[in-house]
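The primary structure of each chain is shown beneath.
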Amino acid sequence: MAIATIAIHGGAGAIARASMDADKELLYRQALLQIVASAQALLAAGGSALDAVTEAVRQLEECPLFNAGKGAVLTHAGTHELDASVMDGRTREAGAVACVGRVRNPVLAARAVLETSPHVLFTGRGAESFAEQQGLEMVENSFFSTPERRAQLEQAIATQQTLLDHDGTLPPDRKFGTVGAVALDQAGNLAAATSTGGMTNKQAGRVGDTPLPGAGCYASHLVAVSCTGTGEVFMRTLAAYDIAAQMEYGGLSLQQASDNVIHEKIPALGGSGGLIAIDASGQLVLPFNSEGMYRGYAVADELPVVAIYREES
Ligand code: GLY
């Protein structure tokens, strides 16, 4: 029996300890802890890696602290366009949605694509119609808004910036985005899921790496990966798949392959961010090249660990 392991992230970015409000930091830590513990319990009860990552990302989408689902960032037009994907390492099946604005939990729509459709990726209105037909909860686009995200957009427009989910001149606690989860279940199967609101002040219709299998999310029999960061660069490097390829064809360890992607290939193209990944032996890595990354993990029945800053474990 494999050692069940779950890891989650709530985005990487310029998250500096010195400028983080203590109360807000506590909220982040509590949210990460509760979500990782919940996924750990699901795996301990014999649940699948696919169910664990879907449920962890659904809970991250429900939490307004993170840039996915409720609390997602806004486009230049003042709307929300959400992307999500999920991939099952056991079957290599994937499901994804992009540019959805009315599906309460985009990761559930991605999961429905994986389970019920011969296709992999639906966009916009077609994705919303599909989700509605699947009986998923639909909401008004304004459901996803928070006052903080409105202020963030106003600031981005005023300074003429298109802010990546973790960069820019926003206050440090607002420089983050994208959520994700990877898991190894007791049966030895791997899965990954990723969800995001994208980048503040993005042009309507822009899609990043999150809903693209192989870019922001990937799972096979070898490894499960969920990314956060400069979407365009993660797309151009096929970051998540590159880790799997380096392991499969180059014989690199998960640590070597993920360090190569995050500390060499992504910065070489001007990108930044991080990822979480687990291999079939239970090896877990959470590398990032930014100041911090909201993250958490739990191995078997050990106490979950959450961290934000670079110097933490
Ligand atoms: N990494 C998320 C995005 O660029 O949309």
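It should be noted that the structure appears before, not after, this text.
A brief structural summary.

Rules and cut-offs
Residues numbered from 1 in each chain as written. Predicted model: local features only at pLDDT ≥ 70, side-chain atom pairs only at ≥ 80, totals over all residues. Heavy atoms only, no water. Helix = DSSP H or I, 4+ residues; strand = E, 2+ residues; numbered from the N terminus. Polar contact = N/O pair within 3.5 Å; in protein donor to acceptor, adjacent residues only side chain to side chain. Axes fitted to C-alpha atoms, helices over the stretch in contact; angles between N-to-C directions. Parallel < 35°, antiparallel > 145°, perpendicular 65-115°, else oblique. Left-handed = near helix turned anticlockwise from the far one by under 90°. Contact = heavy atoms within 4.5 Å. Nonpolar A, V, L, I, M, F, W, Y, C, P; charged D, E, K, R; others polar. Buried < 20%, exposed > 50% of the residue type's maximum accessible area, 1.4 Å probe, protein only. Pairing = 2+ DSSP bridges.

1. So, the side chain of Asn-67
Of note, Asn-67 is situated in the loop between helix H2 (49-62) and strand E2 (82-88). For Asn-67, the side chain forms a polar contact with the main-chain nitrogen of Val-73, separated by 3.0 Å.

2. A look at the packing of helix H7 (residues 239-250) against helix H8 (residues 254-268)
Two numbers describe how H7 lies on H8: the axes approach to 9 Å, and their chain directions differ by 135°. When the axes of H7 and H8 are compared, the pair comes out oblique. Crossing angle aside, the handedness with which H7 passes H8 is right-handed. Touching Ala-239, Asp-242, Ile-243, Gln-246 and Met-247 of H7 are Leu-254, Ala-257, Ser-258, Asn-260, Val-261, Lys-265 and Ile-266, all from H8. Classifying every residue of the contact of H7 with H8 gives seven nonpolar, three polar and two charged.

3. A few points about the pairing of strand E9 (residues 273-279)
Within E9, seven of the seven residues are buried, which leaves it mostly tucked inside the rest of the structure. By the alternation rule, side chains of E9 split into Gly-273, Leu-275, Ala-277 and Asp-279 and Gly-274, Ile-276 and Ile-278, which are all buried. Of the pairings in the sheet, the one linking strand E8 (residues 223-229) to E9 comprises seven bridges and is antiparallel in character. Bridging from a neighbouring strand, Ser-226 pairs with Ile-276 of E9. With two bridges joining them, E9 and strand E10 (residues 284-285) adopt antiparallel strand pairing. In the strand pairing of E10, Ala-277 is matched with Val-285.

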